[in-house]
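# Notes for the structure review
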Amino acid sequence: MADYSSPLVAGPGGVMTDEVGVVTGDLELRTTLVDGVLRAEVRYEGADEWYGVTGASCRIVDPRDHAAVHEVLLGVLHRPLG
């Protein structure tokens, strides 16, 4: 099982999570792949607690696609001002 992790800055409106609603600011995105199911989570930079990104979990047929899906999610969620 491979995990991918990347820093990001949430754009206007933040990132909706299943557990706590919207989170904003400097975050970290982590994606994990277990038994063909990708789970995307974010946490505040330096925090311990991870939150599931609402609507971002999906089934992946080929595990080699995990890295590409992680990069797509990062591209959608990383929206620094400026």
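Notes on the structure follow.

Cut-offs and rules
- Residues numbered from 1 in each chain as written.
- Predicted model: local features only at pLDDT ≥ 70, side-chain atom pairs only at ≥ 80, totals over all residues.
- Heavy atoms only, no water.
- Helix = DSSP H or I, 4+ residues; strand = E, 2+ residues; numbered from the N terminus.
- Phe/Tyr/Trp six-rings, centres within 6.5 Å; stacked < 30°, edge-to-face > 60°.
- Lys NZ or Arg CZ within 6 Å of the ring centre and 35° of its normal.
- Buried < 20%, exposed > 50% of the residue type's maximum accessible area, 1.4 Å probe, protein only.
- Contact = heavy atoms within 4.5 Å.
- Pairing = 2+ DSSP bridges.
- Core = buried A, V, L, I, M, F, W, Y, C linked by side-chain atoms within 4.5 Å.
- Salt bridge = Lys/Arg side-chain N within 4 Å of Asp/Glu carboxyl O.

### A few points about the environment of Pro80
Structurally, Pro80 is set in the segment after helix 1 (66–77). A C-alpha to C-alpha distance of 5.3 Å links Pro80 and Val9, two positions 71 residues apart in sequence.

### Notes on the packing of aromatic side chains
A complete count under the given rule lists 0 aromatic pairs for this structure. Sitting over the ring of Trp50, Arg30 keeps its end group 4.0 Å from the ring centre.

### So, the environment of Trp50
Note on placement: Trp50 falls in the loop between strand 5 (37–44) and strand 6 (51–52). The class for Trp50 is buried, based on a relative accessible area of 17%. Residues Trp50 and Ala40, 10 residues apart in the sequence, show an inter-C-alpha distance of 9.5 Å. Each residue touching Trp50, except ones within four places of it in the same chain, is listed here: Glu28, Leu29, Arg30, Glu41, Val42 and Arg43.

### Here we look at unusual backbone geometry
With a phi angle near 50 degrees, Asp35 is a residue other than glycine that sits in the positive phi range. Among the secondary structure elements, Asp35 is positioned in the loop between strand 4 (26–34) and strand 5. Residue class for Asp35 comes out exposed when judged on its relative accessible area of 73%.

### Quick word on the pairing of strand 4
A regular strand places its side chains so that they alternate between the two faces of the sheet. Sheet topology places strand 1 (residues 3–9) next to strand 4; 7 bridges connect them, and they run antiparallel. Following the sheet pairing, Val9 is matched in strand 4 by Asp26. Note that strand 4 and strand 5 share 8 bridges and pair antiparallel. Within the sheet, the bridge partner assigned to Leu29 lies in strand 5 and is Val42. Hairpin connection from strand 4 to strand 5: 2 residues lie between these consecutive antiparallel strands, with Asp35 at a positive phi of about 50 degrees.

### A few points about the nonpolar core
Counting 17 residues, the largest nonpolar core has Val15 and Leu29 as the members making the most contacts within it. What Val15 contacts, discounting residues up to four positions off in sequence, is Ala10, Gly21, Val22, Val23, Leu27, Val42, Val53 and Leu77.

### Points about the pattern of salt bridges
Tallying each qualifying case throughout the model produces 5 salt bridges. With its nearest N and O atoms 2.6 Å apart, the salt bridge here joins Glu41 to Arg30. Placement of Glu41 in strand 5 and of Arg30 in strand 4 is noted, with a sequence separation of 11 residues between them. Among the charged side chains, a network of salt bridges with common partners joins Glu19, Arg30, Arg39 and Glu41.

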